[in-house]
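The primary structure of each chain is shown beneath.
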Amino acid sequence: MVCVPRYRPDREFSGSETGHSGQKGSLSARDRAMSSLAGSLDGVVSLLELFELGFTYEEVRRRVARGVLHPKYRGVYAVGHPKLTARGELRAALMACGDTAFLAGRTALADCGLRPLNLHAIEVTVMADHTPRHPGLIVHRTSREPHRGEVQTRYGLRISSVPRALIDQAAKETPAELLRLITEAVRKDVLNFASMEEALGRHSGRPGIGTLKHVYSRYRPGPDRKSQLERSFDSHAATDPRIPPYEKNVRMGPYEFDCHWLERGVILELDGRPYHRALEDRDKDNAKDIWVQRHAMNILRVSDFRWDYDHAGAIDDLLALLAIGRRRAA
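In this report, we go over the structure that sits alongside the text. (Residues numbered from 1 in each chain as written. Predicted model: local features only at pLDDT ≥ 70, side-chain atom pairs only at ≥ 80, totals over all residues. Heavy atoms only, no water.)

**A look at helix α8 (residues 175-187)**
Its 13 residues give α8 an end-to-end C-alpha distance of 18 Å, which sits within 8% of 18 Å, the value for a rise of 1.5 Å per residue. Inspection of α8 places Glu177, Leu178, Leu181, Ile182, Thr183, Ala185 and Val186 among the buried residues, and these make up the whole buried set. Turning to α8, the residues buried within the fold contact α6 (105-111), α7 (162-169), α9 (193-202) and α10 (209-216). Immediately beyond the C-terminal end of α8, within one or two residues, lies aspartate 189, with a positive phi of roughly 60°. (Helix = DSSP H or I, 4+ residues; strand = E, 2+ residues; numbered from the N terminus. Expected span 1.5 Å × (residues − 1). Buried < 20%, exposed > 50% of the residue type's maximum accessible area, 1.4 Å probe, protein only. Contact = heavy atoms within 4.5 Å.)

**Description of the packing of aromatic side chains**
For the coordinates displayed, the defined rule picks out 7 aromatic pairs. Relative to tyrosine 246, the ring of phenylalanine 233 has its centre 5.6 Å away and its plane inclined at 50°; by these criteria the two rings are tilted. Residue phenylalanine 233 is located in helix α11 (residues 228-239), and its partner tyrosine 246 is located in the loop between α11 and β11 (247-252); the two are separated by 13 residues in the primary sequence. We classify phenylalanine 233 as buried; its relative accessible area is 1%. With 5.0 Å between their ring centres and 45° between their planes, tyrosine 246 and tryptophan 261 make a pair best called tilted. Pair noted here: tyrosine 246 is in the loop between α11 and β11 and tryptophan 261 is in strand β12 (residues 255-261), with a separation of 15 residues, a long-range link. Note on tyrosine 246: relative accessible area 18%, which makes it buried. Among the residues examined, tryptophan 261 registers a relative accessible area of 3% and is labelled buried. Aromatic rings pair up to connect Phe233, Tyr246, Trp261 and Trp307 into one cluster. The ring of tyrosine 155 carries arginine 87 above its face, with NZ or CZ at 4.1 Å from the centroid. (Phe/Tyr/Trp six-rings, centres within 6.5 Å; stacked < 30°, edge-to-face > 60°. Lys NZ or Arg CZ within 6 Å of the ring centre and 35° of its normal.)

**Some words on the side chain of histidine 70**
Counting through the fold element by element, histidine 70 comes out in strand β4 (residues 69-73). At 2.9 Å, the side chain of histidine 70 forms a polar contact with the backbone oxygen of glycine 67. In contact with histidine 70, not counting residues within four places along its chain, are Val76, Tyr77, Ala78, Gly80, His81 and Pro82. (Polar contact = N/O pair within 3.5 Å; in protein donor to acceptor, adjacent residues only side chain to side chain.)

Below, the structure is given as structure tokens:
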């Protein structure tokens with residue numbers, strides 16, 4: 001519950017004023033309604049909502065002069081106190097930009113914990129014929145209604161999905177930063193791979209999309225292998241005569257294994273980031289490893305990080321295990 005500072009309108013005002021319709025109404029009742037509404041909207045209200053409560057523009061102006069309402073953007077006010085929570089600031093930004101607005105770009109990525117939230121440069125996208133200007137906001141305009149999966153509603157705020165936010169940022173970030181954002185999104189389990197594939201297809205002509213596709217390529221599923229790491233190992237093994245043929249994606253007992261040399265009792269697990277990212281994954285891997293050892297086999301795990309930076313060492317370890325297995329088979 002957002003705490004909105006309360007005030008006593010009956011102490012600040014006396015008597016009654018003419019309402020929006022020309023009839024006299026209870027100031028205290030309307031002010032209480034305004035305070036209650038602000039409490040449900042993270043401390044902010046719009047001018048339109050005040051009109052709907054029966055306030056006239058002159059009455060709004062008087063409350064601004066008395067410090068009851070604090071202008072945030074054109075037609076948007078903080079009630080009772082100028083300082084808002086982070087959520088209040090985001091809601092005020094959306095109110096200022098209209099019903100089609102949604103938090104976008106860096107702000108949407110920050111909402112998912114992928115980068116720090118900068119409340120002094122809130123990014124909003126609107127569907128409009130012209131770009132509205134509001135000091136303190138970075139407003140982007142689109143002429144096309146976003147796909148229904150590209151805008152989500154969280155705690156009452158319209159926010160760009162992670163795939164849409166990455167696409168919007170593709171031309172503005174370095175490849176290294178895009179890779180960091182994708183990796184962090186995978187670790188936090190906030191990137192839906194199916195939605196990402198669909199979004200990349202819908203926005204194939206956008207600036208920077210080629211760079212984003214290249215960076216994202218290690219996470220894209222292949223036709224018969226799960227990860228870029230698995231496909232990369234297959235390519236290497238096809239040209240390395242030291243590595244004997246192996247079976248792929250073999251199911252044994254309750255588990256599936258990436259690579260299996262049956263006669264030598266050797267298993268290779270290729271741990272790509274999208275599939276090995278959390279404590280739960282490591283616990284499952286440990287259980288898998290114990291099952292392999294209990295069945296008198298050797299298992300080697302190679303992460304995509306090691307494959308990138310210690311390719312030769314990973315191959316040497318695999319060859320050593322294969323040699324041990326050959327001696328056992330003999």
